[in-house]
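Working through the structure, step by step
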Amino acid sequence: MRTQVVIVGAGPSGLLLGQLLHKAGIDNVIVERQSADYVLGRIRAGVLEQVAVDVLDEAGVGQRMHAEGLPHEGFDLLFKGARHRIDLAGLTGGRKALVYGQTEVTRDLMAARAASGQTTVYEAAHVAIHGFDGAHPHVTYEKNGQTLRIDADFIAGCDGFHGVCRASVPGSAITEYEKVYPFGWLGLLSDTPPVHEELIYVNSPRGFALCSMRSRTRSRYYLQVPLSDTVDSWSDQAFWDELRRRLDPAAAETLVTGPSIEKSIAPLRSFVSEPMRFGRLLLAGDAAHIVPPTGAKGLNLAATDVKYLADALIEHFRERSDTGIDGYSERCLKRIWRAERFSWWFTSLMHRFPGEGEIAQKFQEAELDYLIHSEAGARTIAENYVGLPLDFGLRRA
Ligand code: FAS
Ligand code: PHB
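To start, this report covers the structure provided alongside it. These figures come from a predicted structure and were not determined experimentally.

What counts as what
Residues numbered from 1 in each chain as written. Chains lettered and ligands numbered in written order. Predicted model: local features only at pLDDT ≥ 70, side-chain atom pairs only at ≥ 80, totals over all residues. Heavy atoms only, no water. Near = heavy atom within 4 Å. Polar contact = N/O pair within 3.5 Å; in protein donor to acceptor, adjacent residues only side chain to side chain. Areas by Shrake-Rupley, 256 points an atom, 1.4 Å probe, with all protein chains shown as cover. Nonpolar A, V, L, I, M, F, W, Y, C, P; charged D, E, K, R; others polar. Pairing = 2+ DSSP bridges. Helix = DSSP H or I, 4+ residues; strand = E, 2+ residues; numbered from the N terminus. Contact = heavy atoms within 4.5 Å. Axes fitted to C-alpha atoms, helices over the stretch in contact; angles between N-to-C directions. Parallel < 35°, antiparallel > 145°, perpendicular 65-115°, else oblique. Buried < 20%, exposed > 50% of the residue type's maximum accessible area, 1.4 Å probe, protein only.

1. Structural notes on the site of ligand 1
- Residues in contact with ligand 1 amount to 29 residues; listed here are only the nearest, Ser13, Glu32, Arg42, Arg44 and Gln102.
- At a separation of 2.7 Å, an oxygen atom of ligand 1 approaches a polar side-chain atom of Ser13.
- Contact with the protein chains removes 87% of the 980 Å² of surface that ligand 1 exposes when unbound.
- Counted by class, the shell around ligand 1 contains 13 nonpolar, nine polar and seven charged residues.

The following block contains the structure:
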């Protein structure tokens, strides 16, 4: 088989790239190691920046997102038992976030791809990439007992943190930066009404918590837990009891509990690999970087990587120019490091770090107290949360 771009991974990055290329008339094939149902079953991000919403609109998959997504103009910070609202719209000239789950984004992208008749190979085993440092990049994989090959002009590595693409780059050609956090997030999804109409980020002496949602009837909650914890060690009742302990009295009283429909523990890390282009291989999304989910940046960074990459590939095929491809990595990384910095800072501010003693909690509470009583401080949070403009990666500053 031959195509113009072979995309490894059918998560949000791979599917969104495939859709943007297809709309530009560029042939592409996606090779995914799991089944479509497995990909849809992973519960992950919940908040979209306006820039990500705009890219999804450009890809032609925004209809349900606008019909069902929940625009949010603010969120609450809860510390010392009291809640304080961060007025995103008021502090950023009207910019806001959209609550619309990654599962639904993925579902919309899968439906668009299926309708377009493009080729997606699910349950591809032993995917390997070859020749990306030369003029004949290609991908091999096994399916139904056969080894198959796809030749292409470019390989897009959209295969996430544990994928094969970044791992195939020689160690001498790549630099990796990593910070692993000494705790995880236990997430619970339930068909219960959210405790509040906006998100609540909690700094509690017992640990971080987050009250989020997927709709007005489906809630998503998180608790900071030790890395030694397992999902089996947390009954639903234990989860609800601990969440109540970390909430303010009003929220604890209002909280509607119910059976979990999903429960999982995610580790937290900050990770960036540089550069993101290796000859005819270009990385996008979690294949190149990971953020702790505190700042709701992971999926949003993936969307802007993909937008930059699609524009660069379209320029290559339409105008025979490689200016975009040559500048792809630098353009992405300017934006990525800003989001990494905010995600690390917000994670450091809101979580209990083992062994740092009670004084660390007092420092965090004092910083939060300053931030919510200083317009400049609150704007710092708001500007970073709603995200950078799309052209940020192009500016020389
Ligand atoms: P993904 O990891 O989503 O997709 C990569 C795809 O490549 C997968 O389908 C995988 O099966 C496939 N693949 C892997 N290896 C392959 C191979 N060798 N061959 C073929 N295919 C291969 N972000 C937020 O903003 N908020 C959150 O709350 C949040 N929670 C998260 C929780 C968890 C447990 C994880 C892991 C991430 C979370 N994220 C969150 C970040 C997440 O949303 C990512 O940013 C987003 O999934 C990025 O999408 P992709 O780059 O497509 O990577
Ligand atoms: C979610 O709803 O899953 C979510 C929302 C905001 C975050 C992280 C996760 O910062």
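2. What to know about the sheet that holds strand S18 (residues 277-278)
- The mixed open sheet is built from six strands, whose spatial order is S8-S2-S1-S12-S19-S18. Where the open sheet ends on each side, the last strands, each with one partner, are strand S8 (119-121) and S18.
- Sheet analysis places strand S1 (residues 5-8) next to strand S12 (residues 154-157), joined by four bridges and oriented parallel. Its bridge partner being in S12, Val5 is matched across the sheet by Phe154.
- Taken strand by strand, helix H9 (residues 298-319) contacts S1, S12 and strand S19 (281-283), and its axis lies near 175 degrees from that of S12.

3. Some details on the site of ligand 2
- In the region of ligand 2, 14 residues are neighbours, and Tyr201, Ser212, Arg214, Tyr222 and Pro293 sit closest.
- The backbone of Pro293 places a nitrogen or oxygen atom 2.8 Å from an oxygen atom of ligand 2.
- Contacts to ligand 2 include Ala296, whose backbone N or O atom sits 3.4 Å from an oxygen atom.
- In the complex, 98% of the free accessible area of ligand 2, which totals 270 Å², lies under the protein chains.
- If you list the elements that add at least two residues to the shell around ligand 2, you get strand S15 (209-213) and strand S16 (219-225).
- When the residues that make up the shell around ligand 2 are grouped by side-chain class, the tally is eight nonpolar, three polar and three charged.

4. Some remarks on the packing of helix H11 (residues 357-373) against helix H12 (residues 375-386)
- The N-to-C vectors of H11 and H12 enclose an angle of 100 degrees; their axes lie 5 Å apart at closest approach. Between H11 and H12, the angle falls in the class roughly perpendicular. The residues of H12 that touch H11, namely those facing Tyr370, Leu371 and His373, are Glu375, Gly377, Ala378 and Ile381.
- Across the contact of H11 with H12, the residue classes tally to four nonpolar, two polar and one charged.

5. As for the side chain of His289
- Structurally, His289 can be placed in strand S20 (residues 289-290).
- For His289, a relative accessible area of 2% translates into the label buried.
- At a separation of 2.5 Å, a polar atom in the side chain of His289 contacts the side chain of Asp305.

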